[in-house]
Amino acid sequence: MPRSAPGSVAGHPGPRRDPVPHVRLPVPSSGTTAATLLLNATYEPLCVVSSRRAIVLVLAEKAEPVDTAAEVVHAERVSLAVPVVVRLTRYVRVPFPAQVPLSRRAVFTRDGQTCVYCGSSATSIDHVVPRSRGGTHTWDNVVAACRRCNHTKADRSLAELGWKLPHPPRTPSGAAWRLLGARTVDPRWQEWLGVPESVSA
């Protein structure tokens, strides 16, 4: 099995000993995150790095651009389109944490931006078993809900209301989910993340 380069750190594509050329980055246009999605050599999403770091990796031949923006930067005698997605040229083994971070954005994405109780647009999150009754703030007890259903349910149980969930809430899996958190995802990353487009909203 391929191994990571000596000294590589979890979540990081190796030591930063590569020479950093003088790079002048343009001012990001509206809708640009000034960040780049970093893929492993296997095209698995690893993490998000700054555009400047991505350019350095490409110039040092540690990564290759997969998708680029219209903006162009100049480094010494080289002109390079700002990378939106880059792929490492060598495989890096990274021990990801087992648990996907729980966040409002990730819950909305998992539940398709809709209320699990009525199917309308979700505006809040709800604890299936109310916290006042011992419910936990965990993936299997948190769902997306609309304001009306959240207010109606309050601190009552589903059994008391006669409500049923379409399916049990579960912890999402996959490397892409670890990149969500509170980050706004660039729509141009969708092909590589494999998550609904609504996450970029």
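Residues numbered from 1 in each chain as written. Predicted model: local features only at pLDDT ≥ 70, side-chain atom pairs only at ≥ 80, totals over all residues. Heavy atoms only, no water.

Colleague: Looking at this model, I keep getting lost on the overall build of the protein chain. Mind explaining?
Modeller: Along its length, the protein chain carries five helices and seven strands. When the elements of the protein chain are put in sequence order from the N terminus, they spell out β-β-β-α-β-β-α-β-β-α-α-α. For the protein chain, with 201 residues in total, the buried portion stands at 41%. Counting only contacts in the protein chain whose residues sit at least 6 apart along the sequence, the fraction spanning at least 24 positions is 61%. (Helix = DSSP H or I, 4+ residues; strand = E, 2+ residues; numbered from the N terminus. Buried < 20%, exposed > 50% of the residue type's maximum accessible area, 1.4 Å probe, protein only. Contact = heavy atoms within 4.5 Å.)

Colleague: Just checking my understanding: could you explain the side chain of Ser124 for this structure?
Modeller: You can see Ser124 is positioned in strand S6 (residues 124–127). Look past the residues within four positions of Ser124 in its chain and what remains in contact with it is Arg104, Phe108, Val143, Ala144, Ala145, Cys146 and Asn150.

Colleague: Any chance you could explain the state of the cysteines here in plain terms?
Modeller: Put plainly, a disulfide is one covalent bond tying together the sulfur atoms of two cysteines. A complete count under the given rule lists zero disulfides for this structure. Not engaged in a disulfide, the cysteine Cys149 finds its nearest cysteine sulfur in Cys146; these two sulfurs lie 3.5 Å apart. Take Cys149: its relative accessible area is 9%, and that puts it in the buried class. (Disulfide = S-S within 2.5 Å.)

Colleague: Explain the pattern of salt bridges to me, please; I cannot follow it from the model alone.
Modeller: Any two side chains of opposite charge can pair, given that their charged atoms come close. Counted under the stated rule, the structure contains five salt bridges. Here Glu64 makes a salt bridge to Arg87, at a shortest N to O gap of 2.5 Å. Highlighted residues: Glu64 in strand S4 (residues 63–75) and Arg87 in strand S5 (residues 78–88), separated in sequence by 23 residues. For Glu64, a relative accessible area of 33% corresponds to the partly exposed category. Measuring nitrogen to oxygen at the nearest pair gives 3.3 Å for the salt bridge that ties Asp126 to Lys153. Pair noted here: Asp126 is in strand S6 and Lys153 is in helix H3 (residues 147–153), with a separation of 27 residues, a long-range link. Residue classification places Asp126 among the buried residues on the basis of a relative accessible area of 5%. (Salt bridge = Lys/Arg side-chain N within 4 Å of Asp/Glu carboxyl O.)

Colleague: What's the story with the pairing of S5 in this structure? I'm lost.
Modeller: On a regular strand, each side chain points to the face opposite its neighbour's, so the side chains alternate between the two faces of the sheet. Of all the eleven residues making up S5, eight are buried; the element is thus mostly covered by neighbouring parts of the structure. Direction of pairing for strand S2 (residues 35–39) relative to S5: parallel, over a ladder of three bridges. When the bridges of S5 are listed, Leu39 appears paired with Arg87. (Pairing = 2+ DSSP bridges.)

Colleague: How should the confidence of the model for the protein chain be read in this particular structure?
Modeller: A low pLDDT score tells you not to read the predicted coordinates there in detail. Summarising the model, the protein chain shows a mean pLDDT of 80, and 74% of its residues fall at 70 or more. Put simply, strand S1 (residues 23–24) is where the protein chain has its lowest mean pLDDT, 52, and strand S7 (residues 142–145) is where it has its highest, 97. Here residues 1–12 scores under 50 on pLDDT; set against residues more than four positions off or in separate chains, the count is 15 contacts. Every residue in residues 26–33 is under pLDDT 50, and counting partners more than four places away or in other chains gives twelve contacts. (pLDDT = per-residue confidence, 0-100.)

Colleague: For this particular structure, what's the right way to read the packing of aromatic side chains?
Modeller: In total, this model carries two aromatic pairs according to the counting rule given. A centroid spacing of 5.9 Å and a plane angle of 20 degrees characterise the contact between Tyr43 and Trp192, whose relative ring orientation is stacked. Highlighted residues: Tyr43 in the loop between S2 and strand S3 (45–50) and Trp192 in helix H5 (residues 190–193), separated in sequence by 149 residues. The class for Tyr43 is partly exposed, based on a relative accessible area of 39%. With centroids separated by 5.1 Å and ring planes inclined at 45 degrees, the aromatic side chains of Tyr117 and Trp163 adopt a geometry described as tilted. In this pair, Tyr117 sits in the loop between helix H2 (104–110) and S6 while Trp163 sits in the loop between helix H4 (158–161) and H5, placing the two residues 46 residues apart along the sequence. (Phe/Tyr/Trp six-rings, centres within 6.5 Å; stacked < 30°, edge-to-face > 60°.)

Colleague: Before we go on, may I ask you to explain the nonpolar core in this structure?
Modeller: For soluble globular proteins, nonpolar side chains are generally found buried alongside one another. Grouped together as the largest cluster of nonpolar side chains are 27 residues, with contacts concentrated most on Leu37, Leu38 and Trp189. In terms of residues, this core owes the most to one element, S5, which gives six residues. Once residues within four sequence positions are removed from consideration, Leu37 is found in contact with Pro45, Cys47, Val48, Val84, Val85, Val86, Leu179, Trp189, Trp192 and Leu193. (Core = buried A, V, L, I, M, F, W, Y, C linked by side-chain atoms within 4.5 Å.)

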